[in-house]
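Structural overview
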There are 2 protein chains.
Amino acid sequence: MYRTHTCGELNATNIGQTVTLAGWLQRSRDLGGMTFIDLRDRYGITQLAFNMETNADLCEKARRLGREYVLQVTGTVIERASKNSKIPTGEIEIEVSDLNVLNAAKTPPFTIEDQSDGGDDLRMRYRYLDLRRNPVRRNLEMRHRMAMLVRNYLSDRNFLEIETPMLIKSTPEGARDFVVPSRMNPGEFYALPQSPQQYKQLLMVSGFDRYFQIVRCFRDEDLRADRQPEFTQIDCEMSFVHQEDVLDMFEGLAKHLFREMKGIEFDKFPRITWHDAMRRFGSDKPDIRFGMEFVELNDVTKGHGFGLFDGAELVVGICAQGCADYTRKQLDALTDFVKRPQVGAGGMVYIKYNADGSFKSSVDKFYDATALKAIADKMGAHPGDLMLILCGPAMKTRVQLCALRLEMGQQLGLRDPQKFAPLWVIDFPLLEWDDETQRFYAMHHPFTAPKPEDEALLDDPSRWGDIRANAYDIVMNGCEVGGGSIRIHDRTLQNKMFHTLGFTDESAAAQFGFLMDAFTYGAPPHAGLAFGFDRLCSIFAGADSIRDFIAFPKNNSGRDVMSGSPSPIAQDQLDELQIKVDLKG
Amino acid sequence: MYRTHTCGELNATNIGQTVTLAGWLQRSRDLGGMTFIDLRDRYGITQLAFNMETNADLCEKARRLGREYVLQVTGTVIERASKNSKIPTGEIEIEVSDLNVLNAAKTPPFTIEDQSDGGDDLRMRYRYLDLRRNPVRRNLEMRHRMAMLVRNYLSDRNFLEIETPMLIKSTPEGARDFVVPSRMNPGEFYALPQSPQQYKQLLMVSGFDRYFQIVRCFRDEDLRADRQPEFTQIDCEMSFVHQEDVLDMFEGLAKHLFREMKGIEFDKFPRITWHDAMRRFGSDKPDIRFGMEFVELNDVTKGHGFGLFDGAELVVGICAQGCADYTRKQLDALTDFVKRPQVGAGGMVYIKYNADGSFKSSVDKFYDATALKAIADKMGAHPGDLMLILCGPAMKTRVQLCALRLEMGQQLGLRDPQKFAPLWVIDFPLLEWDDETQRFYAMHHPFTAPKPEDEALLDDPSRWGDIRANAYDIVMNGCEVGGGSIRIHDRTLQNKMFHTLGFTDESAAAQFGFLMDAFTYGAPPHAGLAFGFDRLCSIFAGADSIRDFIAFPKNNSGRDVMSGSPSPIAQDQLDELQIKVDLKG
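None of these values were measured; they are calculated from a predicted model. (Residues numbered from 1 in each chain as written. Chains lettered and ligands numbered in written order. Predicted model: local features only at pLDDT ≥ 70, side-chain atom pairs only at ≥ 80, totals over all residues. Heavy atoms only, no water.)

Attention now moves to the overall build of chain A. The number of helices and strands found in chain A is 16 helices and 23 strands. Over its C-alpha atoms, taken along the principal directions, chain A stretches across nearly 90 × 75 × 55 Å. By the burial criterion, 58% of the 585 residues in chain A qualify as buried. Counted over contacts in chain A with a minimum sequence separation of 6, partners at least 24 positions apart contribute 66%. (Helix = DSSP H or I, 4+ residues; strand = E, 2+ residues; numbered from the N terminus. Buried < 20%, exposed > 50% of the residue type's maximum accessible area, 1.4 Å probe, protein only. Contact = heavy atoms within 4.5 Å.)

What follows deals with the interface of chain A and chain B. By a widespread convention, an interface's size corresponds to the accessible area lost as its parts come together. Every contact between the two is made by 127 residues of chain A and, on the other side, 127 residues of chain B. Summed over both partners, the interface of chain A with chain B comes to about 11600 Å²; 57% of that surface belongs to carbon and sulfur atoms. At the junction of chain A and chain B, the tally comes to 18 salt bridges. For R143(A), the salt bridge goes to E163(B), with nearest N and O atoms at 2.7 Å. Split into classes, the residues belonging to the side of chain A that touches chain B amount to 64 nonpolar, 30 polar and 33 charged. Strand direction decides the pairing type here: strand 23 (residues 579-581) of chain A and strand 23 (residues 579-581) of chain B, joined by three bridges, are antiparallel. Residue V581(A) lies in a different strand from strand 23 of chain B, and its bridge partner there is I579(B). (Buried area = accessible area lost by both parts, 1.4 Å probe. Salt bridge = Lys/Arg side-chain N within 4 Å of Asp/Glu carboxyl O. Nonpolar A, V, L, I, M, F, W, Y, C, P; charged D, E, K, R; others polar. Pairing = 2+ DSSP bridges.)

Take the sheet that holds strand 3 (residues 44-51) of chain B next. Residues and elements named next belong to chain B. Pairing is mixed around the closed barrel formed by five strands, whose spatial order is 1-2-3-5-4. Across the sheet, the mean angle from the axis of one strand to that of its neighbour is 55 degrees, orientation sign disregarded. Judged from the seven bridges that link them, strand 1 (residues 18-31) and strand 4 (residues 70-79) form a sheet pairing that is antiparallel. Residue pairing for strand 4: T20 is matched across the bridge by T74. Against the sheet, helix 1 (residues 56-63) contacts strand 1, strand 2 (34-41), strand 3 and strand 5 (92-103), and its axis sits at roughly 65 degrees relative to strand 5. (Axes fitted to C-alpha atoms, helices over the stretch in contact; angles between N-to-C directions.)

Moving on: the environment of T448(A). Residue and element names in this part refer to chain A. The topology assignment puts T448 in the loop between strand 19 (439-442) and strand 20 (471-476). The exposure class assigned to T448 is buried, which follows from its relative accessible area of 2%. Separated by 17 residues in the primary sequence, T448 and L431 place their C-alpha atoms 9.9 Å from one another. Those residues in contact with T448, other than ones at most four positions away along the chain, are L430, A469, A471, S485, I486, I488 and M497.

All names here are of chain B. Packing of helix 13 (residues 491-500) against helix 14 (residues 505-519) leaves a shortest axis separation of 11 Å and a crossing angle of 150 degrees. Two packed elements cross with a definite hand, and for helix 13 against helix 14 that hand is right-handed. Here R491, Q494, F498 and H499 of helix 13 come into contact with helix 14, specifically with D505, A508, F512, M516 and D517. Looking at the contact of helix 13 with helix 14, its residues break down into four nonpolar, two polar and three charged. (Left-handed = near helix turned anticlockwise from the far one by under 90°.)

As a further point, take the side chain of H144(B). Relative to the helices and strands, H144(B) resides in helix 4 (residues 134-156). Dropping the residues within four chain positions of it, H144(B) is found in contact with S155(A), F159(A), L160(A), E161(A) and F212(A).

Residues and elements named next belong to chain B. Buried within helix 11 (residues 369-379) we find A371, L372, I375, A376 and M379. Seen from one end, helix 11 has its buried residues packed into an arc of 140 degrees, which puts them on one side. Buried-residue contacts for helix 11 involve strand 12 (295-296), helix 8 (298-301), strand 13 (314-320), strand 14 (349-353), strand 15 (359-361) and strand 16 (386-392). Directly beyond the C-terminal end of helix 11, a positive phi value near 65 degrees is found at G380. (Arc of directions from axis to C-beta.)

Here chain A sits on chain B after a turn of 180 degrees about the axis and a move of 0.0 Å along it, with an RMSD of 0.1 Å. Here the symmetry operator amounts to a two-fold rotation axis. Here 100% of the interface residues in chain A have copies in chain B that are interface residues too; the copies meet face to matching face. (Least-squares fit on C-alpha atoms with pLDDT ≥ 70 in both.)

In total, this model carries 100 salt bridges over all chains according to the counting rule given. With its nearest N and O atoms 2.9 Å apart, the salt bridge here joins R123(A) to D130(A). K373(A) is paired through a salt bridge with D377(A); the nearest N and O atoms lie 2.9 Å apart. With a gap of four residues between them, K373(A) and D377(A) both fall in helix 11 (residues 369-379), about one helical turn apart. Relative accessible area serves as the criterion here: at 46%, D377(A) is assigned to the partly exposed category. Beyond isolated ion pairs, a larger network of salt bridges with shared partners links R143(A), R216(A), E230(A), D534(A), K554(A) and E163(B).

Quick look at the packing of helix 4 (residues 134-156) of chain A against helix 15 (residues 533-540) of chain A now. Residues and elements named next belong to chain A. Running from N to C, helix 4 and helix 15 cross one another at 115 degrees; their axes reach a closest spacing of 10 Å. Here the hand of the crossing between helix 4 and helix 15 comes out right-handed. Every residue of helix 15 that contacts helix 4 at M142, R143, M146 and A147 is listed here: F533, D534, L536, C537 and F540. For the contact of helix 4 with helix 15, the per-class residue count stands at seven nonpolar, no polar and two charged.

Glancing now at the sheet that holds strand 17 (residues 422-426) of chain B. Within a beta sheet, neighbouring strands are joined by backbone hydrogen bonds and run either parallel or antiparallel to one another. Residues and elements named next belong to chain B. Strand order in the open sheet formed by eight strands is 6-9-10-22-21-20-17-11, with mixed pairing between adjacent strands. Two strands close off the open sheet at either side, each with one partner strand: strand 6 (160-161) and strand 11 (271-273). As judged from the two bridges shared by strand 6 and strand 9 (residues 210-218), these two strands associate in the parallel manner. Bridging from a neighbouring strand, L160 pairs with Y211 of strand 9. Relative to strand 11, helix 7 (residues 274-281) is tilted by about 90 degrees, and along the sheet it contacts strand 11 and strand 17.

A separate point is helix 5 (residues 197-205) of chain B. For helix 5 of chain B, a buried count of nine out of nine residues is recorded, marking the element as mostly surrounded by other parts of the structure. Where the residues of helix 5 of chain B are buried, they touch strand 1 (18-30) and helix 3 (127-130) of chain A together with strand 9, strand 10 (230-239), helix 14 and strand 22 (526-532) of chain B. G207(B) sits one or two positions beyond helix 5 of chain B and adopts a positive phi of about 90 degrees.

Okay, structure coming up:
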């Protein structure tokens, strides 16, 4: 070893010892008679002292070193004159007797400080330097710790981590696959897994009973902000369980993580049905760190001659407590917010319930004080509150109001990233209508089981939209961090489901034949869940972006600007694979 | 839950309890008045009893069930009349009061028994049934346990598991890459990693100090027996370490695994230089479960008029103790063995040192008893032993004799798969000459550091073959299970190494530019090692093949016959990727 100790472990108990440290020059201060260097490694920072009087040569040498030089020093641990109580090594410093430059360093394009990151482009191009910064390094340390906690928790409960293949069969259903040409089988391709879904179900057929895997998955989608072409799932599956068992198990895992990582104890997570979540929050991943629930106002708003409300399928509002003093400018900004194309509302109605008990609204022409009081009562508003109301087609309006609610929550500081509000959303619809292709799609995937009491509706196409699935999401702070379902283990029901989704027997067999075959040899009842691990890490850290929880992320074009990938490959590689690039120009 | 207990946990202490079990029908015995069913799950087998007299309907129902049906039963735990001491549940059985068929099963194509596997083709086609068999299931359970032990061991020693990208830049050096066309960047490709080599070195530049990852890697090679296109590595890297520190750390890991998995304690692993391994065993991965070391015989065999020996660069033999009574037929078989194209020797000379002290050899014409005694003495042979001798070009002959040594070890039962003989092979050559392309290649990879004392030889092309690397392999029972090296952290030395390997500045920059750039910003001295996890598992289980330690392996054509992958993909997938299949016919 190049060192006897790390830069994070020496303290007053080590005074008098001779030690050797190695690390990076964080900063250097030249005080005439003395030179001080902060030596940094992953574990901390230790101050090195060079004395011009006692060792001029060494001190001169130290003065010539630049930031990020890699050093090895030997010296004596001494008590520090001016102690630094902010760091664990702050009581001591090293009186250096020997200095060895292990490597020089060019001046980095940004300083390696918590607050200095040089901007996104530079950070990504020099990711290896960005990773030296404490906040980024701590994210990956946290991710490691979380992964260890997850594995040990599940392993202790008889889950086996079983690796499933990365080179699998391409299935057109779902998102777009990344594909891999097979040289040994020219003209044929593997796909990279979007999830190990089929394999984990096969493992249940095999009797493995409890499976998990922290596993890389791939989706060739146009990357919205904060999506990555490769991402990591905590993928789980269990046999002989009902929905309650699955929720219990993974609620237990989430609680374990909150306890160990954050010191937070949770009671039972709240549960909400998908329909209630949409009705009360306009979202299947409600942020319940704050209330401001939707109040439907059709009965108290219609029939007052206000055409927009009278003609709307739904009039629905939220009540922002204590916001009656919002200025015209603030209200206009909110109107602009809901009218942005990303939100898409036509406009917004406000009603101020003034502190003196009077009302001021954008619809005073149609609603007198009594009518406005009725609305306020319905919304549970009090003097001093501000009511914000949208109207239109029910589902669209809910989604718009959800955006407004989140915006208000943000403005009012109700979305503290260090506060955690997990919940289960259950009873998702089984099928989702797609206007464009004019057919139903599986909301989760084709193996999701309908609720037994809704199974009969599969025989009535007019009711398909009403069928509820035994599917569930775990949501934290307005983000879906995991989801899963009870799987269909009955071949007949599975066939019916395939037909509902527009598969012929042949196309279902071509895509899922081996899984369906497997189901004829004794498939147990089974169910599963997968957490998005990148997202879970970011939420636990109170961060918005998943990118800083991935060591080497890609940008929105799927590019790694550091390594320059993807890149053209050599003609002989293409020839061997018997494929041709065929640019459409 | 569909059960109160698993099929592996009930015993005499549970007698009288009402329990519910779920599992697969392993076998059924019909004894007239009684029917017994063995119910199987991952955890064990429990006997179910159905009584014709007390519950004829239920008993009749039980009699109609076939093998591998999925059942849920409720009943009372009772003492068994005829106990089975071989299984933990052998003292009890379940007097069934309720029977629920959770799923029917077609008769499987082979029985789910330890010894019945239906042959390789069927096993792979119905891998999900094969995985139900105890021996296969136990392999994956073992793999899980080993992975957990590895992770906890390394994590306890401050290693961080950091996930590196799977979609990376293609580098022509080394084995062939699997590539992935990028839809968002038409005409460009990602590669799947052959190892995270460059990323783990970047993590050292980033100061992560200790990294590991149990990670999937990919190589598009023509698959020899027991190679897989995707395989798993325990990939590790450390900073500020010397070779000794790395060997210590990972010898410690291996010992930990032997202790926890096998209850075996090891002293320090033996070490051998690559040159000595080749000289003494003809292999860089010697099987040292047995001796039978090579003895070089040039001095005692030359000059007796036997042209083959006289003209050979090397005459070298092994002594098989107690084999002097080998028959003509056995000796012919050994000669045939060494003459097989896979071994490639021209022939074999034998000398029997008979029990009575006399000699009988295939070269009696040239060597009298005195000469043969001199050979025997040199080889440490005793009466009763058999000496087997090959000759020819030194390195080729050693490799041939290695095959013969292993064959003899096999025949003599000296290669007990339950005996473990780990060792380190160190001081590998840095460079390897390739006759075909007439240039030197890196024996490990271009980032491997030469031994400091051999560095000067890089300036003398005639000595390149003599340069030793700070590279090491960990070998068990004749298999390389891991290997690594001290990396070059100095940019100047790395450039010299690239030139030695025939790179221009431009081609090195194109391939490794970002790593080389990173090295200019303060790279610490670092080193690493990777274990082949599939192989490590197979060795710990005393098995020859890695395939049964992979849940869903591919065959020698890189095919998964169960899922039918790889497969053609849809034209619109190709169109979106802007590539064309271009079969050479």
